[in-house]
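Each chain is listed here by its residues.
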Amino acid sequence: MSQLGKALSFKALHQGLQPFVIPNPWDAGTARVLASMGFKALATTSAGLAFALGRKDAENALSRDEVLRNAHDIVNASDLPVSADLENGFGDAPDAVAETIRMAVAIGLVGGSIEDATGRQESPIYAFEHAVERIAAAAEVVRGLPFPFMLTARAENFLNGRFDLDDTIRRLQAFEAAGADVLFAPGLPNAEAIRLVCASVSKPVSVVMGLKGTAYSVSQLEALGVRRISLGSSLNRAAWGAFMNAAQEVQVKGTFTFSDQAMSFDVVNGMMRD
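Quick notes on the rules
- Residues numbered from 1 in each chain as written.
- Predicted model: local features only at pLDDT ≥ 70, side-chain atom pairs only at ≥ 80, totals over all residues.
- Heavy atoms only, no water.
- Helix = DSSP H or I, 4+ residues; strand = E, 2+ residues; numbered from the N terminus.
- Buried < 20%, exposed > 50% of the residue type's maximum accessible area, 1.4 Å probe, protein only.
- Polar contact = N/O pair within 3.5 Å; in protein donor to acceptor, adjacent residues only side chain to side chain.
- Contact = heavy atoms within 4.5 Å.
- Salt bridge = Lys/Arg side-chain N within 4 Å of Asp/Glu carboxyl O.
- Pairing = 2+ DSSP bridges.
- Right-handed = clockwise from strand over helix to strand, strands pointing away.
- Phe/Tyr/Trp six-rings, centres within 6.5 Å; stacked < 30°, edge-to-face > 60°.
- Core = buried A, V, L, I, M, F, W, Y, C linked by side-chain atoms within 4.5 Å.
- Expected span 1.5 Å × (residues − 1).

A. How the structure looks around the side chain of Thr152. With respect to the helices and strands, Thr152 occurs in strand β5 (residues 150-154). Since its relative accessible area comes to 0%, Thr152 is described here as buried. Engagement of the side chain of Thr152 in a polar contact is seen with the side chain of Arg228, the distance being 3.1 Å. Discounting chain neighbours no more than four positions away, the residues touching Thr152 are Gly112, Ser113, Ile114, Val182, Phe184 and Arg228.

B. Molecular detail of the environment of Glu115. Residue placement: Glu115 occurs in strand β4 (residues 111-115). Judged by its relative accessible area of 15%, Glu115 falls in the buried class. Separated by 41 residues in sequence, Glu115 and Glu156 place their C-alpha atoms 6.6 Å apart. In contact with Glu115, not counting residues within four places along its chain, are Asp85, Glu87, Asn88, Tyr126, Arg134, Arg154 and Glu156.

C. Fine view of the pattern of salt bridges. Throughout the structure, instances matching the rule amount to 10 salt bridges. Two residues, Glu66 and Arg55, come together in a salt bridge whose shortest N-O distance is 2.7 Å. Taken together, the residues Glu66 in helix α4 (residues 64-77) and Arg55 in the loop between α3 (46-52) and α4 connect sequence positions 11 residues apart. On the basis of relative accessibility, which here comes to 30%, the residue Arg55 falls in the partly exposed class.

D. How the structure looks around the pairing of β4. With 5 of its 5 residues buried, β4 lies for the most part within the structure. Alternating positions in β4 separate into two faces, Gly111, Ser113 and Glu115 on one and Gly112 and Ile114 on the other, with burial throughout. Both strand β3 (residues 82-85) and β4 contribute to a ladder of 3 bridges, which runs parallel. For Ala84, the partnering residue across the bridge sits in β4 and is Gly112. This β-α-β element, β3 to helix α5 (residues 94-106) to β4, shows right-handed connectivity. The sheet contact formed by β4 and β5 spans 5 bridges and is parallel. Bridge pairing in β5 places Gly111 opposite Met150. Note on the crossover from β4 through helix α6 (residues 128-143) to β5: the handedness is right-handed.

E. Representation of the packing of aromatic side chains. Scanning the model with the defined rule gives 3 aromatic pairs in all. Measuring from centroid to centroid gives 6.3 Å for Phe10 and Phe20, while their planes differ by 80°, and the two rings are edge-to-face. Linking Phe10 in helix α1 (residues 3-14) with Phe20 in strand β1 (residues 20-22), this pair joins segments that are 10 residues apart in sequence. A relative accessible area of 8% places Phe20 in the buried class. Ring plane angle 85° and centroid distance 5.9 Å describe the contact between Trp240 and Phe243, whose orientation is recorded as edge-to-face. With Trp240 and Phe243 both in helix α10 (residues 234-253), this residue pair falls 3 residues apart, about one helical turn. Here Trp240 falls in the partly exposed class, since its relative accessible area comes to 37%.

F. Layout of the nonpolar core. Membership of the largest hydrophobic core comes to 72 residues, with the highest contact counts inside it found for Ile101, Leu109 and Phe175. A per-element tally of this core places α6 first, with 9 residues. Contacts of Ile101, omitting those with residues within four sequence positions, involve Leu86, Ile114, Ala138, Val141, Val142, Phe149 and Leu151.

G. Expanded view of α4. When the terminal C-alpha atoms of α4 are compared, their 20 Å separation across 14 residues agrees well with the 20 Å that a helix rising 1.5 Å per residue should span. Of the positions making up α4, those classed as buried are Glu66, Val67, Leu68, Asn70, Ala71, Ile74, Val75 and Ala77. Looking at the buried residues of α4, the elements they touch are α1, α2 (28-36), β2 (42-43), α3, β3 and α5.

Right, dumping it as structure tokens:
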């Protein structure tokens, strides 16, 4: 499918009658597995990539080139639309964010997220006006494209110890006014907070599931006003959990029953390219 076709398909998913789940592969292989299962779109995960490379997440440990190379592999693994976790745009300045969006478009992505987190512990969140300017710069690039690119603006307060729902909503409203197509505040504490966020903006709201304490169903999230459901790094961490349990069984018990739960070689091999 062409980039235009993917872009139109991805935009339509946000306008559907029901919210859609967008899972997060961390390499080409996991992208192919998810595509074979019938999901309609994919999103990259910076945490999943960082862990695969043996690095910590959320500490500016990934370069723009590494993230885009990984996204390019995922784009090429299937015909599904792909949105990328572009972290903070890989630079403080609005121009750096704009350049990241241009580079994302060039590798075939049809969506991407920009967060207002700096990656610095001493000042984890960009000042309000600066954060808005960064989204506006990204939106200006998107508006000049010949196809829709779903720009997601992320308000990262709750992932950085700033439990201020009013400021989070204020930021999301400003990001919407600056041109964002999707609004996202990961780590919202409860259903009422999700409902308030959804009611406070007119553009589609994305949430992340798979975090502990957030066991809402798709239908429950729909009732709260959610349009898109990301899995973040949860599938990656689930894989790590199965890996660790298997290795611990071998190390501690000296047994190998984990293989009974493993996907067969033929099934995995059958989902990969020749």
